[in-house]
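Descriptive analysis of the structure
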Amino acid sequence: MRYSTFIALAMAMAGLSAAIPVDPITEPAPPTEQDEDYWKQFLLPEAEATPILNETHVTKRFFNLPKTCKTMPGDLFWPGTLGWKVLDLAVGGRLIKPKPAGRVCHNSFYGESTYNAAACGQMQGNWYDPDWHFTDPIEPIWPAWANFSCSPLDSRENPCTYGKYSRYVVDAKSVSDVQKAVNWARNLNIRLVVRNTGHDFMGKSMGAGSLGLWTHNFKDLVFYDKWTGPGGYNGQAMKVGAGWQTADLYRTLKAKGKVFVGGECAGVGFSGGYIQGGGHGPLSPLFGMATDQVLEFELVKADGTFVKANANVNKDLFWALRGGGAATWGVVTSVTVKTFNDMTTSANVVIFDTTQNEDTIWKGIEIFHAETYKLADEHKFYIYYELGFAGPNSFRVKPILAPGKTAAQVDALLQPLFTKLNAIGLVYTQQTYTYTNFYDCYIDLFEGEGSGVTMYTSARLFKFEHVYQNNTEIIQQFRNAYNQGHIFVGHILAPGHAPGGVGADTSVNPIFRDMAMLPLFNMLLPDNAGDAEWAAAIEHTLNDIDAPFQALSPGAGTYLNEMNIFDPDWQQNVYGVNWNRLAAIKEQVDPRGVFYAETAVGSQNWKKVAGDRLCPV
Ligand SMILES: Cc1cc2nc3c(=O)[nH]c(=O)nc-3n(C[C@H](O)[C@H](O)[C@H](O)COP(=O)(O)OP(=O)(O)OC[C@H]3O[C@@H](n4cnc5c(N)ncnc54)[C@H](O)[C@@H]3O)c2cc1C
């Protein structure tokens, strides 16, 4: 029976008369799931797709509802082979059907025999190489967030499964690819996961049963000697494609005698989670947060349209994108930011001797903090350190960075610190280095990044008022946490003291305006930690680590990109006074919840049910 005949018959049976006469002979049959045309409907932007899909009986059941649970593999509405083939053709053959790389260390992957001793050995080596992860479309650098569904370190007897890995990934190379993927996910109600590097501390670029959208290959880069676009700024700038990573960008700009505000870690993507979450970095003391530098975003919105957001158009979006978090407002395909002239960069490296008396080490750590807060506050220093990473009682400060300063200036400014450390008899090494440009200093002195370990991170952002008043107590709490197995990464800097730093026209939490220190408290767990061990770690971190730090920093908060993902007060702690406005904008630009990430604005409307399926709250 033809579809139109069926409708007419059904209406007649229901006692209704059709408003529009139906010609059962001439009206073409609507496409079915066996037709490519059927699947092409799902590639349309929202404005075109909605009227059609509202009439498509197969999709009607979910499409008319404002929000329903996301469709997962195995569901009636999950596309079959033909459907995915249509998407593949639409994105120029760049649809990947990925398989977790660790499957070669497991006997089976959904019935396929996968174990291969040689490949497994190689894979286990790759696991600790972050660069390997960046070039893979689904593997996160912190594997805990893949839920060990296919870890190469796991027993080969346990079958490899998809778990939180995306089922399909569009390796996007054009705006059109991004639009097709967004439309497909929205129209079919499939969870969409945007992935740039997989660098996120909390594995936010993963999602069970999702379609992945990989931006890694957006490598456009355009320089402007003079920006003439919106925003009232007419200095130098660059437009950065969504796939650029920090160190590559620093190196490329060195060749042009320029710098920009980027992250401390080489592999962090520039235009994704980093800049949309705010973005602090070594040059923040001079220029502010990364997001303070933004002149324009280009993005694909949830409805599939490609737009610019800047000081003149889509102003709400422009505000929200500058600090309100990624995976929330759209898929950013490029960001245009201010650049600056390169500069002499000097830095000092301090390493405490680990064999001396523990009390002396901790007294030294307390003095170190008290002195370097002042350097950040008054002299635009950036301090990065690691505590406990290089073995018991290790405290390595690599580096104390002073962009724009000479070695002599750095030595003079650090002298009070060393005098005080010497006075307590601390054993340590220190050396000052100087470079003609920022990049050489960066590449020489900053610690490398890791991957592959099971690390659970939490963090607290302290304001100057807190560190000046409570330094002794804060360091005592560091010691308590350290004694309970936590190791630290510390950032001491004042992005809010830079001219225009943490601007009022961005959605960065205003607590950053008084930021003095952002320590990250990291807990290493065994790779095979089970649910009970994780539950205990979470409870312990919330109660014994986070709570005392919060008590020492009333009115402060944390940083979206480096937070405890299990923080029950995340809305307040991360977004602070900006929450209501951000939540209202989210409702406006993405009412169906196409974009989702844990602790992102809008995620409060979703819960995870069996199999990590997202369902409306
Ligand atoms: C070792 C390490 C060092 C770090 N150092 C710093 C630092 O110095 N300063 C700092 O501020 N932060 C730092 N971070 C935190 C960093 O900002 C976050 O991890 C950030 O989320 C990484 O972004 P990404 O796009 O590279 O990662 P991904 O894991 O690929 O993505 C992170 C989130 O952004 C979303 N996303 C990615 N691309 C896009 C896009 N184009 N459009 C929309 N959404 C997108 C993803 O869906 C996901 O939700 C560090 C993290 C680590 C692990």
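Computed from a predicted model, the values in this text were never measured in an experiment. (Residues numbered from 1 in each chain as written. Predicted model: local features only at pLDDT ≥ 70, side-chain atom pairs only at ≥ 80, totals over all residues. Heavy atoms only, no water.)

1. A word on the UniProt feature "domain: FAD-binding PCMH-type" (unreviewed entry) in the chain
Using the following cut-off: UniProt positions are given in the numbering used here, feature names are shortened, and annotations may be inferred rather than shown by experiment. For the purposes of this entry, the term helix denotes a DSSP run of H or I that reaches at least four residues, the term strand denotes a run of E that reaches at least two, and both are numbered from the N terminus.
The UniProt feature table records "domain: FAD-binding PCMH-type" (unreviewed entry) at residues 161-342. Measuring from the first to the last C-alpha atom of residues 161-342 gives 48 Å, for a span that is 21% helix and 25% strand.

2. Let's talk about the site of the ligand
Let me state the cut-off plainly: Whether a residue is near a molecule or strand depends on its heavy atoms: it is near if one of them lies within 4 Å of it. Between N or O atoms, a polar contact is any pair within 3.5 Å; within protein, one atom must be a potential hydrogen donor and the other a potential acceptor, and residues adjacent in sequence are included only when both atoms are from side chains. In these tables, accessible area is a Shrake-Rupley quantity obtained with a 1.4 Å probe, and a residue counts as shielded only by the protein chains included in the view. In the scheme used here, Gly and all other residues not listed as nonpolar or charged are polar, with Ala, Val, Leu, Ile, Met, Phe, Trp, Tyr, Cys and Pro taken as nonpolar and Asp, Glu, Lys and Arg as charged.
The full set close to the ligand counts 31 residues, and Val194, Thr197, Ser205, Glu264 and Tyr559 are the nearest of them. In the model, an oxygen atom of the ligand is placed 3.0 Å from a nitrogen or oxygen of the Gly198 main chain. Within the side chain of Gln276, one N or O atom sits 3.4 Å away from a nitrogen atom of the ligand. Surface burial for the ligand is 97%, taken as the share of its 960 Å² of free accessible area covered by protein chains. For the shell around the ligand, the elements supplying multiple residues, two or more each, are strand S5 (192-195), helix H10 (273-276) and strand S12 (331-338). By residue number, the principal contributor to the shell around the ligand is H10, which donates three residues. For the shell around the ligand, the per-class residue count stands at twelve nonpolar, 14 polar and five charged.

3. Some details on the nonpolar core
One recurring pattern in soluble globular proteins: nonpolar side chains tend to sit buried together. Convention followed: Residues enter a nonpolar core if they are buried and are Ala, Val, Leu, Ile, Met, Phe, Trp, Tyr or Cys, with the set joined through side-chain atoms within 4.5 Å. Per-residue accessibility, obtained with a 1.4 Å probe over protein chains only, is compared with the maximum for each type, and a residue is labelled buried under 20%, exposed over 50%, and partly exposed between these values. By definition, residues are in contact when any of their heavy atoms lie within 4.5 Å.
Core analysis: the largest hydrophobic core is formed by 88 residues, its most contacted members being Phe270, Ile275, Phe297, Trp329 and Phe512. Once residues within four sequence positions are removed from consideration, Trp329 is found in contact with Leu299, Lys301, Leu317, Ala320, Leu321, Gly324, Leu582, Ile585, Lys586, Val589, Phe595 and Val601. Grouped together as the second largest cluster of nonpolar side chains are 42 residues, Phe395, Leu421, Phe462 and Phe521 included.

4. Quick word on the sheet that holds strand S4 (residues 168-171)
How we decide: Only strands joined by at least two bridges in the DSSP assignment are considered to pair. Angular values range over 0 to 180 degrees, each being the angle between N-to-C directions of two axes fitted as lines to C-alpha atoms, with helices fitted over their stretch in contact.
One open sheet holds the four strands; their spatial order is S1-S4-S6-S5, and the pairing between them is mixed. Edge positions in the open sheet fall to strand S1 (95-96) and S5, since each of these has one partner strand only. Here S5 pairs with strand S6 (residues 211-214) via four bridges, running parallel. Bridge pairing in S6 links Leu192 to Leu211. Running over the sheet, helix H8 (residues 175-188) touches S4, S5 and S6 and is turned about 160° from S6.

5. With respect to the packing of helix H9 (residues 246-254) against helix H15 (residues 438-445)
Defined as follows: It is the rotation of the near helix from the far one that decides the hand of a crossing: anticlockwise by less than a right angle makes it left-handed, clockwise makes it right-handed.
Two elements in contact, H9 and H15, have axes whose closest approach is 9 Å; the angle formed by their N-to-C orientations is 145°. The two elements H9 and H15 meet at a crossing, and its hand is left-handed. Residue-level inspection shows Thr246, Ala247, Tyr250, Arg251 and Lys254 of H9 in contact with H15, the latter providing Phe438, Tyr439, Asp440 and Tyr442. Grouping the amino acids of the contact of H9 with H15 by side-chain chemistry returns five nonpolar, one polar and three charged.

6. A few points about helix H5 (residues 81-90)
Side chains three or four residues apart in an α-helix point the same way, a direct result of the helix having 3.6 residues per turn. Here H5 has its buried residues at Gly83, Trp84, Val86, Leu87 and Asp88. Elements in contact with the buried residues of H5: helix H2 (36-40), S1, S4, H8 and S6. Gly92 occupies a position one or two residues after H5 and carries a positive phi of about 65°.

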